[in-house]
Amino acid sequence: MPGQGGNDLFSSEVLADIFSGVSELIARNVVPEISGEDFALAASLALGRDLNKEEKRRLVALCGLSAEWADDELAFKFTHLAIAEQFLARQNARLPLDQAVSLLFSVPISPLCAQLILSMWKSQAGGNPPNWSWNSSTR
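Reading the values: the criteria
- Residues numbered from 1 in each chain as written.
- Predicted model: local features only at pLDDT ≥ 70, side-chain atom pairs only at ≥ 80, totals over all residues.
- Heavy atoms only, no water.
- Patch = residues over 30% accessible without salt bridge, like charges linked within 9 Å, V, L, I, M, F, W, Y side chains within 5 Å.
- Areas by Shrake-Rupley, 256 points an atom, 1.4 Å probe, with all protein chains shown as cover.
- Salt bridge = Lys/Arg side-chain N within 4 Å of Asp/Glu carboxyl O.
- Lys, Arg positive; Asp, Glu negative; His and termini not counted.
- Charge placed at Lys NZ, Arg CZ, Asp CG, Glu CD.
- Helix = DSSP H or I, 4+ residues; strand = E, 2+ residues; numbered from the N terminus.
- Buried < 20%, exposed > 50% of the residue type's maximum accessible area, 1.4 Å probe, protein only.
- Axes fitted to C-alpha atoms, helices over the stretch in contact; angles between N-to-C directions.
- Parallel < 35°, antiparallel > 145°, perpendicular 65-115°, else oblique.
- Contact = heavy atoms within 4.5 Å.
- Nonpolar A, V, L, I, M, F, W, Y, C, P; charged D, E, K, R; others polar.
- Phe/Tyr/Trp six-rings, centres within 6.5 Å; stacked < 30°, edge-to-face > 60°.
- pLDDT = per-residue confidence, 0-100.

S.K.: Looking at this model, I keep getting lost on a negative patch on the surface. Mind explaining?
M.R.: Taken together, the side chains of Glu37, Asp71, Asp72 and Glu73 make up a negatively charged region of the molecular surface. Residue position: glutamate 37 is located in helix α2 (residues 36–47).

Shown next, in the form of structure tokens:
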């Protein structure tokens, strides 16, 4: 996303990191949207620093998310469930294993999201995930 003077505000990798963080927040909150404050926080975490004024202003124009007014505040949500699921799968695949497992046990995921997580795990880890038995005798 170009900024003033031709400098990129958000690279494609940073945007993917932002959207991945947003998808996790949405999944954990079990609501289809997040506040503008949470959106800015996800962007700050992806960048590893506070956002400048231009970056905050341009967040509302990111593709894949829509902004709507709710209770006198902007709320953001993904424009399509498949986008949210792809970024939730990406977020899960890049987390350390213990955090990834914790996320999977704390949020509902669709069969599509599960397939995406498995596919991403295989491509990043170079193989299948550990084979756990999730029956009642191992809990």
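S.K.: Can you help me understand the environment of aspartate 17 in this one?
M.R.: Examined against the element boundaries, aspartate 17 turns out to sit in helix α1 (residues 12–29). Overall, the relative accessible area of 15% leaves aspartate 17 in the buried class.

S.K.: Even after reading the chapter, I still don't get the packing of α1 against helix α4 (residues 81–94), so can you show me in this structure?
M.R.: Interaxial distance between α1 and α4 falls to 8 Å at its minimum, and their mutual angle equals 95°. Taken together, the axes of α1 and α4 are roughly perpendicular relative to one another. Two secondary-structure elements touch here, α1 through Glu13, Ala16, Asp17, Phe19, Ser20, Gly21, Ser23, Glu24 and Ala27 and α4 through Ala84, Phe87, Leu88, Arg90, Gln91 and Arg94. Across the contact of α1 with α4, the residue classes break down as six nonpolar, four polar and five charged.

S.K.: How should I be thinking about the side chain of arginine 90 in this particular structure?
M.R.: Take arginine 90: it is sitting in helix α4. Residue contacts for arginine 90: discarding those within four places in its chain leaves Glu13, Ala16, Asp17, Ser20 and Met120.

S.K.: I keep staring at the packing of aromatic side chains and nothing clicks. Help me out?
M.R.: Where two aromatic rings form a pair, the distance of their centres and the angle of their planes describe that pair. The final tally for this structure, using the stated rule, is one aromatic pair. Look at phenylalanine 19 and phenylalanine 87: their rings are 5.1 Å apart centre to centre, the planes differ by 75°, and that puts the pair in the edge-to-face class. One end of the pair, phenylalanine 19, is in helix α1; the other, phenylalanine 87, is in helix α4, and 68 residues separate them in sequence.

S.K.: What is the right way to read the confidence of the model for the protein chain from this model?
M.R.: Residues of the protein chain with pLDDT of at least 70 account for 78%, and the chain-wide mean is 77. When pLDDT is averaged over each element of the protein chain, helix α5 (residues 97–106) comes out on top at 89 and strand β2 (residues 65–70) at the bottom at 72. Confidence drops under a pLDDT of 50 for residues 1–7, and excluding neighbours within four residues, the segment shows 17 contacts in the predicted structure. Counted against residues more than four places away or in other chains, residues 132–139, with its pLDDT under 50, gives six contacts.

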